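Next come the chains, spelled out residue by residue.
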Amino acid sequence: MSAQNIEKREATVRGEVTNTGGENPTVYFDYSLNSNMSGATSVNLGTQGTGPYSTNLEDLNPNTTYYFRIRAVNSAGTNTGETLNFITLKMDSGILLFF
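Okay, so let's go over this structure. Remember, predicted model here, so these are calculated numbers, not experimental data. (Residues numbered from 1 in each chain as written. Predicted model: local features only at pLDDT ≥ 70, side-chain atom pairs only at ≥ 80, totals over all residues. Heavy atoms only, no water.)

Quick look at the overall build of the chain now. Counting secondary structure elements, the chain contains zero helices and eight strands. A sequence separation of at least 24 residues applies to 61% of the contacts in the chain between residues at least 6 apart. Carbon and sulfur atoms make up 44% of the accessible area of the chain, which amounts to about 6300 Å² in all. Taken together, the 6 basic and 9 acidic charged side chains of the chain have centroids lying 6 Å from each other. (Helix = DSSP H or I, 4+ residues; strand = E, 2+ residues; numbered from the N terminus. Contact = heavy atoms within 4.5 Å. Areas by Shrake-Rupley, 256 points an atom, 1.4 Å probe, with all protein chains shown as cover. Lys, Arg positive; Asp, Glu negative; His and termini not counted. Charge placed at Lys NZ, Arg CZ, Asp CG, Glu CD.)

This is how it looks when you write it as structure tokens:
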């Protein structure tokens, strides 16, 4: 798993489903401001097989730590990947001049 293309208000997260348990799962990326993933937002990638997956997270806050994980759910249960984190970039500090 990884986070790439980290900007001020967006980032791309990547993960992989390595085993379906015999039934293709619904794949999600969860992200949160909390390391315990409370209050997480979930991005549903639909029913998928094994393989690498990614999604672009948008409308993030600048200079903020986000935690994320991949999650797969089917009738056999729920399997979650390791929780990782990234920090969005800071906003540029500009100077406004009024004449």
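Okay, a negative patch on the surface next. A contiguous patch of negative charge, built from Glu7, Glu10, Glu58 and Asp59, is present on the exposed surface. Considering the arrangement of structural elements, one finds Glu7 in the loop between strand 1 (2-4) and strand 2 (11-17). (Patch = residues over 30% accessible without salt bridge, like charges linked within 9 Å, V, L, I, M, F, W, Y side chains within 5 Å. Salt bridge = Lys/Arg side-chain N within 4 Å of Asp/Glu carboxyl O.)

Tallied over the entire structure, the rule returns two salt bridges. Between Arg71 and Asp30 there is a salt bridge; the shortest N-O distance is 2.7 Å. With Arg71 in strand 6 (residues 65-74) and Asp30 in strand 3 (residues 26-32), this residue pair connects regions lying 41 residues apart in the sequence. This pair shows no difference in class: Arg71 is buried, exactly as Asp30 is. Because the salt bridges share partners, they merge into one network encompassing Asp30, Arg69 and Arg71. (Buried < 20%, exposed > 50% of the residue type's maximum accessible area, 1.4 Å probe, protein only.)

This part takes up the environment of Arg71. Judged by its relative accessible area of 18%, Arg71 falls in the buried class. Side-chain polar atoms of Arg71 contact the side chain of Asp30, separated by 2.7 Å. A distance of 3.1 Å separates a polar atom in the side chain of Arg71 from a polar atom in the side chain of Ser42. (Polar contact = N/O pair within 3.5 Å; in protein donor to acceptor, adjacent residues only side chain to side chain.)

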